[in-house]
Amino acid sequence: MKINKLFSLFSVLLIALSFSSCNKELEPIVLTGTWELDTAAVIVRIVYSPAVADEFPNTIKFLAANINKIKRELMKPQSIVFKAPNITEFYYNDVPLPVNGIYVQENAYFNITNPLFPGGINGASDNLRLELYYDKDYLMMILYTLLTSEDDSPSTYDRLIETFHGVGSYKKVN
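Residues numbered from 1 in each chain as written. Predicted model: local features only at pLDDT ≥ 70, side-chain atom pairs only at ≥ 80, totals over all residues. Heavy atoms only, no water.

In total, this model carries 4 salt bridges according to the counting rule given. In this structure, E55 and R159 form a salt bridge, with 3.2 Å as the shortest nitrogen-oxygen distance. Of this pair, E55 sits in helix α2 (residues 50-55) while R159 sits in helix α5 (residues 154-160); the two residues are 104 residues apart in sequence, bridging distant segments of the chain. Since its relative accessible area comes to 44%, R159 is described here as partly exposed. Of the charged contacts in the structure, one is a salt bridge between K76 and E73, with a shortest N-O distance of 3.2 Å. The exposure class of K76 is partly exposed, given its relative accessible area of 31%. For E73, a relative accessible area of 33% puts it in the partly exposed group. (Salt bridge = Lys/Arg side-chain N within 4 Å of Asp/Glu carboxyl O. Helix = DSSP H or I, 4+ residues; strand = E, 2+ residues; numbered from the N terminus. Buried < 20%, exposed > 50% of the residue type's maximum accessible area, 1.4 Å probe, protein only.)

Only one face of strand β8 (residues 129-134) is covered, namely the face carrying L130, L132 and Y134; the face carrying R129, E131 and Y133 is uncovered. Direction of pairing for strand β7 (residues 117-125) relative to β8: antiparallel, over a ladder of 4 bridges. In the strand pairing of β8, A124 is matched with E131. Taken together, β7 and the strand that follows it, β8, pair antiparallel across an intervening segment of 3 residues, in which N127 is found at a positive phi of about 80°. Sheet topology places β8 next to strand β9 (residues 161-172); 6 bridges connect them, and they run antiparallel. In the strand pairing of β9, E131 is matched with S169. (Pairing = 2+ DSSP bridges.)

So, in structure tokens, the structure goes:
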């Protein structure tokens, strides 16, 4: 009987805590400021067709040998500055001037448009971290630049790769 009372009391306490935490107002997401690249949190994920991999084993070897090169391409820009009202600046180590663009924000999500991403690049932030989400088309473009005449054709990689995603991660510095 004591155990049932203890469980009932514990359940009521958990429910009360969950209701009180649900009533907290969410902190607005503020992008303005400077965001620096977090190289340890950059991710590239490839899902490929095993049937095509069996047919073209060199494609898998090429991807394994070059995944870090692709990842390094996502480690650009080194920093991103968001300015009011909706201006962005991408700073690269090898480019003396920033790449300027604009952004549209909706809650924690945003889309940046600039000369490098004329169709836009999506991202999200929680005020501490910011992530840029690279799609398959962009990553395939990087992959194609790495191919030489000795490698399998781009169409082989198109058949091989089913999904291809990348995430660039940044920390707010001011």
